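# An overview of the molecular structure
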Amino acid sequence: KIFTDNALVINAYYLMAPLDLNWDIQIFNKTALVISTGFSAGYLIRQEMVGKRIPDELSPRNPITGEPLESGREKIDWFKPFYFGWNGGVGITQYIKSKLVLTIQPMYTTQLNKLIDPWGPVKTGETTPKFDSFAIHFRLGYYFNDQIANYKKEFLSILNSLPLE
């Protein structure tokens, strides 16, 4: 069970698209530190409240089954449909082959615009809550140009250019 009987969980699902700037700092031969920062824009897909606002013993009952009528999940209309936020993170990039890379990067995202719809049913007063999230990004990439140096080919070309006696 994700929540207890005395807690409410409010979920908002946004479809987001980030725009990031990445800096790669070479640490070892095939390992780099990657630093990212950027902005994310998103659109609200679904929002809901999960949990029971009324304890089972006080909840109205179904006359046939005797079960509480409150399901514990209901749709809400509290949040703005558009999201704008800042994201940043530091991770590691490992070159698996000459052009194939794997990146593991923890990312933090915070919302910059106001979360609660001012025309909606929730009034927050002076303070406005914001979404903060933490995620770990796993990326697998392939370079289609000669941006990554192929050290094995360079070494073989040096060996081939040596005069043999």
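Since this is a predicted model, take the numbers as computed values, not measurements. (Residues numbered from 1 in each chain as written. Predicted model: local features only at pLDDT ≥ 70, side-chain atom pairs only at ≥ 80, totals over all residues. Heavy atoms only, no water.)

## Here we look at the overall build of the protein chain
Looking only at helices and strands, the protein chain has 1 helix and 6 strands in total. Along the chain direction, N to C, the helices and strands of the protein chain fall in the order β-β-β-β-β-β-α. Looking at the protein chain as a whole, 24% of its 165 residues are labelled buried. Put simply, 68% of the contacts in the protein chain that link residues at least 6 apart link residues at least 24 apart. Summed over all atoms, the accessible surface of the protein chain reaches about 12300 Å², with 62% contributed by carbon and sulfur. (Helix = DSSP H or I, 4+ residues; strand = E, 2+ residues; numbered from the N terminus. Buried < 20%, exposed > 50% of the residue type's maximum accessible area, 1.4 Å probe, protein only. Contact = heavy atoms within 4.5 Å. Areas by Shrake-Rupley, 256 points an atom, 1.4 Å probe, with all protein chains shown as cover.)

## Concerning the pairing of strand β4 (residues 82-95)
The pairing of strand β2 (residues 31-50) with β4 spans 13 bridges and is classified as antiparallel. Within β4, the residue paired with A32 across the bridge is T93. Two elements, β4 and strand β5 (residues 100-111), share 9 bridges in a ladder whose sense is antiparallel. Residue pairing for β5: G88 is matched across the bridge by Y108. (Pairing = 2+ DSSP bridges.)

## Some details on the side chain of T109
Here T109 is to be found in strand β5. A residue is classified by how much of its surface remains accessible, and T109, at 12% relative accessible area, is buried.

## Quick look at the confidence of the model for the protein chain
Looking at the protein chain as a whole, its pLDDT mean stands at 76, while 63% of the residues score no less than 70. Looking over the protein chain, one finds the lowest element-wise mean pLDDT in helix α1 (residues 151-161), namely 63, and the highest in β4, namely 91. (pLDDT = per-residue confidence, 0-100.)

## A word on the environment of M49
Residue position: M49 is located in strand β2. Its relative accessible area of 5% is what places M49 among the buried residues. Placed 39 residues apart in sequence, M49 and I10 show a C-alpha to C-alpha distance of 4.5 Å.

## Details of the pattern of salt bridges
Counted by the stated rule, this structure contains 1 salt bridge. Residue R46 pairs with E48 through a salt bridge whose shortest N-O separation is 3.7 Å. Here E48 falls in the buried class, since its relative accessible area comes to 6%. (Salt bridge = Lys/Arg side-chain N within 4 Å of Asp/Glu carboxyl O.)

## Structural notes on the layout of surface pockets
A volume near 270 Å³ is recorded for the largest pocket. If you trace the largest pocket, you find 17 residues lining it, with M16, Y83, T109, D132 and S133 closest to the centre. For the lining of the largest pocket, the secondary-structure elements that each account for two or more residues are β1 (9-26), β4, β5 and β6 (132-142). Among the residues forming the lining of the largest pocket, the class breakdown is 10 nonpolar, 6 polar and 1 charged. (1 Å grid on protein atoms, 1.4 Å probe; cavity = no way out; pocket = protein on both sides within 12 Å on 5 of 7 lines; lining within 4 Å. Points joined across faces, edges and corners; volume = space filled by probe spheres on them. Nonpolar A, V, L, I, M, F, W, Y, C, P; charged D, E, K, R; others polar.)

## Section: the packing of aromatic side chains
In total, this model carries 3 aromatic pairs according to the counting rule given. With centroids separated by 5.5 Å and ring planes inclined at 50°, the aromatic side chains of Y14 and Y83 adopt a geometry described as tilted. Here Y14 is found in strand β1, whereas its partner Y83 is found in strand β4, with 69 residues between them in sequence. (Phe/Tyr/Trp six-rings, centres within 6.5 Å; stacked < 30°, edge-to-face > 60°.)

## Focus: the pairing of β5
What sits between the antiparallel neighbours β4 and β5 is a turn of 4 residues. Taken together, the 11 bridges between β5 and β6 define a ladder with antiparallel strand orientation. When the sheet's bridge partners are listed, M107 is paired in β6 with A135.

## Looking at the environment of E48
As for its position among the elements, E48 is in strand β2. As a C-alpha pair, E48 and K75 span 27 residues in sequence and 4.4 Å in three-dimensional space.

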